[in-house]
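An overview of the molecular structure
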Amino acid sequence: MKRGWFTRFLTFLGGIVFFILVLFLLLALLPLIKSFDYGKPKIGILEVKGLIVEAEEYLSAVKEFMSRSDIKGVLVRIDSPGGAIGPTQEVYEELKKLRKLKPVYVSMGGISASGGYYLALAGEKIFANPGTITGSIGVLIEIPNLEKLLDKLGIKGEVIKSGEYKDTGTIFRSLTPKERQYLEDKVKQLHQQFIKVVAMERSLPIEKVEVLADGRIYTGEEAKKLGLIDELGNYHTALEELKKRLGLKEIGVISLPRKKSFWERLLEEKSSLRLEKLLESLSYQPFFLMK
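The sections below set out a description of the structure shown in this document. (Residues numbered from 1 in each chain as written. Predicted model: local features only at pLDDT ≥ 70, side-chain atom pairs only at ≥ 80, totals over all residues. Heavy atoms only, no water.)

It is worth spelling out the side chain of Ser-80 at this point. Here Ser-80 is to be found in strand S2 (residues 71-80). At 2.7 Å, the side chain of Ser-80 and the backbone oxygen of Gly-50 are in polar contact. Ignoring sequence-local partners within four residues, the contact set of Ser-80 consists of Val-48, Gly-50, Leu-51, Ile-52, Ile-111, Ser-112, Ala-113 and Gly-116. (Helix = DSSP H or I, 4+ residues; strand = E, 2+ residues; numbered from the N terminus. Polar contact = N/O pair within 3.5 Å; in protein donor to acceptor, adjacent residues only side chain to side chain. Contact = heavy atoms within 4.5 Å.)

See the structure below:
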């Protein structure tokens with residue numbers, strides 16, 4: 001009798017666990033299931049928000065937009081002050097590939113500056129609000145110098161290196177004159193890359209871009225007059241113009257990168273490593289930024 005009761009209890013408990021697992025899977029897969037509506041043509045929305053530190057999610061989203069036949073065009077919605085140069089250039093190059101296959105428009109939100117503006121250059125047409133903060137065409141490197149603080153704490157670093165410049169940017173000491181010049185040369189080189197992309201994509205004389213590319217920010221209204229963007233308008237303006245460009249009235253939208261559910265965020269280990277990766281970059285090598 002007691003054993004029968006215990007067996008029923010275990011069966012009941014197993015049923016609850018199974019139900020929770022099924023519910024968990026459904027909640028995790030629901031956003032993905034919704035995106036599998038291949039019926040009517042769609043516009044893909046690539047949402048770029050915050051600092052651009054990693055490229056993987058954006059690259060994956062662009063690849064999906066490329067491969068899906070129901071995605072007829074893409075609107076890149078940018079609200080970013082910039083970020084790391086490598087990831088920014090990676091996404092820009094992928095958007096250029098996409099632009100050869102499908103129309104790509106850009107809508108700037110509150111801010112689309114530096115690396116955010118770099119990404120916008122991949123668009124066939126760029127829209128911004130009159131008060132959007134954009135521009136800031138430049139490159140910088142920020143190196144924390146904790147030498148005096150560490151001296152007070154009695155902490156000293158010892159480095160065994162294979163070359164003169166291997167520990168350039170270490171937090172344990174100031175830059176030498178040669179290291180400063182070395183990093184300044186790299187910043188100038190990366191800045192020239194940025195200037196050339198602006199001149200090419202906006203069909204502007206490189207001499208004009210060099211004058212504009214001193215780190216100044218511009219409002220959307222100013223950017224329009226300077227030829228840095230195409231039209232003034234918000235997200236809905238850009239979306240409607242892209243619909244006209246595609247010759248479609250009734251069209252769905254799909255936004256990527258897909259917003260993660262609570263359960264996905266809870267289980268994703270990668271998110272907890274982002275700050276560590278940034279700090280690691282700052283600790284062991286110069287971290288060039290577009291911001």
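Another point: helix H3 (residues 85-101). For H3, which comprises 17 residues, the first-to-last C-alpha distance of 25 Å matches the rise-based estimate of 24 Å (1.5 Å per residue) to within 8%. Listing the buried residues of H3 in full gives Ile-85, Pro-87, Thr-88, Val-91, Tyr-92, Glu-94, Leu-95 and Leu-98. (Expected span 1.5 Å × (residues − 1). Buried < 20%, exposed > 50% of the residue type's maximum accessible area, 1.4 Å probe, protein only.)

Moving on to the pattern of salt bridges. Following the criterion strictly, the structure yields 15 salt bridges and no others. A salt bridge links Lys-42 to Asp-70, with the nearest nitrogen and oxygen atoms 3.1 Å apart. Taken as a pair, Lys-42 in strand S1 (residues 42-49) and Asp-70 in the loop between helix H2 (56-67) and S2 lie far apart in primary sequence, 28 residues in all. Residue Lys-42 shares its accessibility class with Asp-70, and that shared class is buried. Residue Glu-201 pairs with Arg-99 through a salt bridge whose shortest N-O separation is 3.1 Å. Of this pair, Glu-201 sits in helix H6 (residues 177-202) while Arg-99 sits in helix H3, and the two are 102 residues apart along the sequence. Residues joined in a network through salt bridges with shared partners are Lys-42, Glu-64, Arg-68 and Asp-70. (Salt bridge = Lys/Arg side-chain N within 4 Å of Asp/Glu carboxyl O.)

Let us look at the packing of H2 against H3. The interhelical angle for the contact between H2 and H3, taken along N-to-C directions, is 5 degrees, at an axis separation of 10 Å. In terms of orientation, H2 and H3 fall into the roughly parallel class. Contact with H2, carried on its side by Tyr-58, Leu-59, Val-62, Lys-63, Phe-65 and Met-66, involves Glu-90, Val-91, Glu-94, Leu-95, Lys-97, Leu-98 and Leu-101 of H3 and no other residues of that element. Here the residues of the contact of H2 with H3 are counted per class, giving nine nonpolar, no polar and four charged. (Axes fitted to C-alpha atoms, helices over the stretch in contact; angles between N-to-C directions. Parallel < 35°, antiparallel > 145°, perpendicular 65-115°, else oblique. Nonpolar A, V, L, I, M, F, W, Y, C, P; charged D, E, K, R; others polar.)

All right, on to helix H9 (residues 235-246) then. Relative to the 16 Å expected for twelve residues at 1.5 Å per residue, H9 spans 17 Å between its end C-alpha atoms, a close match to the ideal helical length. Those residues of H9 that fall on the buried side of the exposure criterion are Ala-238, Leu-239, Leu-242 and Lys-243. Taken end-on, H9 shows its buried residues confined to a sector of 140 degrees, consistent with a single buried face. Along H9, the residues that are exposed and aim more than 90 degrees away from the buried face are His-236 and Lys-244. Residues of H9 that are buried in the fold lie against S1, S2, strand S4 (104-113), strand S5 (125-128) and strand S10 (252-256). For H9, the N-terminal capping position is held by Asn-234, with its side-chain oxygen 3.1 Å away from the main-chain nitrogen of His-236. Directly after H9, the chain includes Gly-247, whose backbone phi takes a positive value near 70 degrees. (Arc of directions from axis to C-beta.)

This next bit is on the nonpolar core. As a rule of thumb, soluble globular proteins bury nonpolar side chains together. Judged by nonpolar contacts, the single largest core of 45 residues is most densely connected at Leu-46, Val-76, Tyr-117 and Leu-228. Counting residues per element, this core draws most heavily on H2, at six residues. Non-local contacts of Leu-46, meaning those with residues more than four positions away in its chain, are made with Tyr-58, Ala-61, Val-62, Phe-65, Val-74, Leu-75, Val-76, Arg-77, Leu-95, Leu-256 and Pro-257. (Core = buried A, V, L, I, M, F, W, Y, C linked by side-chain atoms within 4.5 Å.)

A separate point is a nonpolar patch on the surface. Taken together, the side chains of Leu-146, Leu-149, Leu-153, Ile-155 and Phe-172 present a nonpolar region at the surface, about 430 Å² in accessible area. When you line up the elements, Phe-172 lands in the loop between helix H5 (147-152) and H6. (Patch = residues over 30% accessible without salt bridge, like charges linked within 9 Å, V, L, I, M, F, W, Y side chains within 5 Å. Areas by Shrake-Rupley, 256 points an atom, 1.4 Å probe, with all protein chains shown as cover.)

The next thing to look at is the pairing of S2. Where burial is concerned, most of S2 is hidden: seven out of the ten residues are buried. When S1 meets S2, the two strands line up parallel, connected through eight bridges. Following the sheet pairing, Ile-43 is matched in S2 by Gly-73. Tracing the backbone out of S1, into H2 and back to the parallel element S2 gives a crossover that is right-handed. Bridging between S2 and S4 involves six bridges; their strand directions are parallel. Each bridged residue has a counterpart across the sheet, and for Ile-78 the counterpart in S4 is Met-108. (Pairing = 2+ DSSP bridges. Right-handed = clockwise from strand over helix to strand, strands pointing away.)

The analysis is restricted to geometry; functional conclusions fall outside its scope.
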